[in-house]
Amino acid sequence: MDLSNHKYKREAWNSRLGFIMAASGSAVGLGNIWKFPYIVGQNGGGAFVLVYIFCTLAVGLPIMLSEFTIGRKTKLNPVGAFQALKPNSHWVKVGYMGVLAGFLILSFYGVVGGWTLAYVIKALTHTMTTFSSSNEAGEFFGTFISNTWEVLFYQALFMGICVGIVLRGVQGGIEKACKVLMPILVVILVILMFRALTLPGAIDGVEFYLKPDFSKIGPQTILIALGQAFFSLSLGMGCMLTYGSYLSDQENLASATVYVVIFDTMIALLVGMVIFPAVFAMGLEPTEGPSLVFSVLPAVFFDMPFGNVVSIIFFTLLAIAAITSGISLLEVVVAYFIDQRKWSREKAVLITSAVIFAFGVPSSLSFGILSDVKLFGMTFFDHVDNIASNYLLPLGGMLTAIFIGWIWGTKNAEEEIKKNKTNPHWINIWRFLICYISPVAVFFVFCAKFI
Ligand code: PHE
């Protein structure tokens, strides 16, 4: 069966570099810059970082290669892909789960993405220049996120930017945007790192970040690290599968995977090298939690020389990272409607983004007028984040590993991977990881969650 023989011409990446930039753009996001530092801060620093790197290499990398492989083989969205490889089976549900996860994640991702845009604008207009302590910065943040119309405006603006890019298609929109934005992101990060590391007292932050304290590692740490690896690498919901589906047979899947994984991990590690030195140099606490980036950093910035400039470029970095991930989330949902429902790109983008925005409204208001509306002690935002990030992604990742390892079979997958020269030793290691390590690791994490 020639799976790539569709009736219409499917879009494709223009170049290998464009694909790697787009996939890295998807991976590098709020997960790296907003979540990673506070999770490291709360889980004991260096030791957590080591566990995280291990999870990324042993579980994340093999699953990413699997997603790229399924995508390129079928040249379809997640639903169509599982349908094509195992017709009329329950496996198609893994594809549906992915599209649902994309929908859910973007609904709350758009909220935080909106905050990043707001902070760029607030920094540009000098609205945040008077903090003398992180408490004040925290209060400022609290007032901002509880302001109904303001947060909704910025959430809409964020979605609007994603729509503007995804409407232009894979090559003209996503690839072009990522090829411009990702290099800017790297440059900004390097400038910030230089600024942070040259602050007096920065070395304490470096020590906290890099010196492992193994007494801090327990089952809970591994669980959090694995979940973070999935989220950060955009795995378990068909995002990398969808991006792989626009890839030509000439490109080497294995090496592309390695590039994207290294890129994503390097960015997360570098972000830590900005945030911890800065936080420690200013005598603040790294254990603040989710508000670390929004309420501790502004205070840090305004204490340092050139603080306002630093703050403008930091929040620009955050916004760029969020946008290049947001478009990948939208593309998964859009690709489903284009391939499976035969919608035009315009119709798919406009309708799905409007529905996603509407569903995200209660998440946006979870920090304001809906903050007291709680189920099991969690707000709407918390629930959507929890269901998608802690359940759908790991479950999707585990099922993808089982599918490749045991259902569609590594033989078929290898045939696809070997279309481009790949070192046979690496393939052997990948086969072992995807058959045994990835599914078992995620399974244990799930068990641990329920006990
Ligand atoms: N990887 C993105 C981040 O780190 C989030 C994301 C998850 C994007 C799943 C796409 C799919 O922020």
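S.K.: Is there a simple way to explain the site of the ligand in this structure?
M.R.: Around the ligand lies a shell of 15 residues, among which Ala-27, Gly-31, Tyr-109, Phe-231 and Ser-234 are the nearest. Note that a nitrogen atom of the ligand is positioned 3.2 Å from one of the backbone N or O atoms of Ser-26. A distance of 3.0 Å separates an oxygen atom of the ligand from a polar backbone atom of Leu-30. When the ligand is considered free in solution it has 320 Å² of accessible area, and contact with the protein chains removes 100% of it. The cavity where the ligand resides is the largest cavity. Put simply, the parts of the chain that give the shell around the ligand at least two residues each are helix H1 (16-27), helix H2 (30-42), helix H10 (219-232) and helix H14 (307-339).

S.K.: Help me understand the pattern of salt bridges, please; the structure alone is not making it clear to me.
M.R.: Side-chain pairs of opposite charge can arise whenever the charged atoms involved come near each other. Going through the model one piece at a time under the given rule, you end up with 15 salt bridges. With its nearest N and O atoms 3.6 Å apart, the salt bridge here joins Asp-249 to Lys-419. With Asp-249 in the loop between helix H11 (239-244) and helix H12 (253-281) and Lys-419 in the loop between helix H17 (410-417) and helix H18 (424-450), the pair connects residues that are 170 residues apart, well separated along the chain. For Lys-419, a relative accessible area of 45% translates into the label partly exposed. For Arg-345, the salt bridge is made with Glu-331, and the minimal N-O distance between the two is 3.0 Å.

S.K.: Explain H14 here, please?
M.R.: Structural remark: α-helix, 3.6 residues per turn; residues separated by three or four positions point the same way. For H14, spanning 33 residues, the distance from its first C-alpha to its last is 48 Å, which sits close to the expected 48 Å at 1.5 Å a residue. Judged by how many residues are buried, H14 sits mostly within the fold: 29 of 33 residues are covered.

S.K.: For this particular structure, what's the right way to read the layout of surface pockets?
M.R.: Over the atoms, a rolled probe matching the size of one water molecule traces out where space is still vacant. Space inside the largest pocket adds up to approximately 600 Å³. Residue lining of the largest pocket: 29 residues in total, with Lys-35, Tyr-38, Asp-385, Asn-386 and Asn-390 positioned closest to the centre. Listing elements by their share of the lining of the largest pocket, those giving two or more residues are H2, helix H6 (134-145), H10, helix H16 (380-407) and H18. Among the elements that line the lining of the largest pocket, the one with the most residues is H10, at eight residues.

S.K.: Can you walk me through the packing of helix H3 (residues 46-74) against H10 in this structure?
M.R.: Between H3 and H10, whose axes approach to 8 Å, the crossing angle comes to 50°. The orientation of H3 with respect to H10, classified from their angle, is oblique. In this structure, H3 crosses over H10, and the sense of that crossing is right-handed. Where H3 approaches H10, its residues Phe-48, Val-51, Tyr-52, Cys-55, Thr-56, Val-59 and Ile-63 are matched on the opposing element by Thr-221, Ile-222, Ile-224, Ala-225, Leu-226, Gln-228, Ala-229, Phe-230 and Ser-232. Across the contact of H3 with H10, the residue classes break down as 12 nonpolar, four polar and no charged.

S.K.: Please explain H12 as it appears in this structure.
M.R.: End to end, H12 covers 42 Å across 29 residues, agreeing with the expected 42 Å (1.5 Å per residue, within 8%). Looking at where H12 begins, the residue whose side-chain oxygen comes 3.0 Å from the main-chain nitrogen of Ala-254 is Asn-252. At the C-terminal side of H12, Gly-283 shows a positive phi close to 70°.

S.K.: I tried to follow the nonpolar core on my own but got confused; where do I start?
M.R.: One finds Phe-294, Phe-314 and Phe-315 to be the most contacted residues of the largest nonpolar core, which totals 165 residues. The dominant element in this core, judged by the number of residues it contributes, is H14, at 20 residues. Among all residues touching Phe-314, those that are not within four sequence positions of it are Ile-33, Leu-192, Ile-275, Val-293, Leu-297 and Phe-301.

S.K.: Would you take a moment to explain the packing of aromatic side chains for this structure?
M.R.: One pair of aromatic rings is described through two measures. These are the centre distance and the angle between the planes. Under the defined criterion, the tally for this structure stands at 37 aromatic pairs. Centroid distance Tyr-109 to Phe-231: 6.3 Å. Interplanar angle 40°. Geometry classified as tilted. Of this pair, Tyr-109 sits in helix H5 (residues 92-124) while Phe-231 sits in helix H10; the two residues are 122 residues apart in sequence, bridging distant segments of the chain. Comparing Tyr-109 with Phe-231 shows no difference in burial state: the two are buried. Relative to Phe-294, the ring of Tyr-119 has its centre 5.3 Å away and its plane inclined at 80°; by these criteria the two rings are edge-to-face. Residue Tyr-119 is located in helix H5, and its partner Phe-294 is located in helix H13 (residues 292-303); the two are separated by 175 residues in the primary sequence. Side by side, Tyr-119 and Phe-294 carry an identical accessibility label, which is buried.

Conventions used here
Residues numbered from 1 in each chain as written. Predicted model: local features only at pLDDT ≥ 70, side-chain atom pairs only at ≥ 80, totals over all residues. Heavy atoms only, no water. Near = heavy atom within 4 Å. Polar contact = N/O pair within 3.5 Å; in protein donor to acceptor, adjacent residues only side chain to side chain. Areas by Shrake-Rupley, 256 points an atom, 1.4 Å probe, with all protein chains shown as cover. 1 Å grid on protein atoms, 1.4 Å probe; cavity = no way out; pocket = protein on both sides within 12 Å on 5 of 7 lines; lining within 4 Å. Sits in = over half its atoms within 2 Å of the grid points. Helix = DSSP H or I, 4+ residues; strand = E, 2+ residues; numbered from the N terminus. Salt bridge = Lys/Arg side-chain N within 4 Å of Asp/Glu carboxyl O. Buried < 20%, exposed > 50% of the residue type's maximum accessible area, 1.4 Å probe, protein only. Expected span 1.5 Å × (residues − 1). Points joined across faces, edges and corners; volume = space filled by probe spheres on them. Axes fitted to C-alpha atoms, helices over the stretch in contact; angles between N-to-C directions. Parallel < 35°, antiparallel > 145°, perpendicular 65-115°, else oblique. Left-handed = near helix turned anticlockwise from the far one by under 90°. Contact = heavy atoms within 4.5 Å. Nonpolar A, V, L, I, M, F, W, Y, C, P; charged D, E, K, R; others polar. Core = buried A, V, L, I, M, F, W, Y, C linked by side-chain atoms within 4.5 Å. Phe/Tyr/Trp six-rings, centres within 6.5 Å; stacked < 30°, edge-to-face > 60°.

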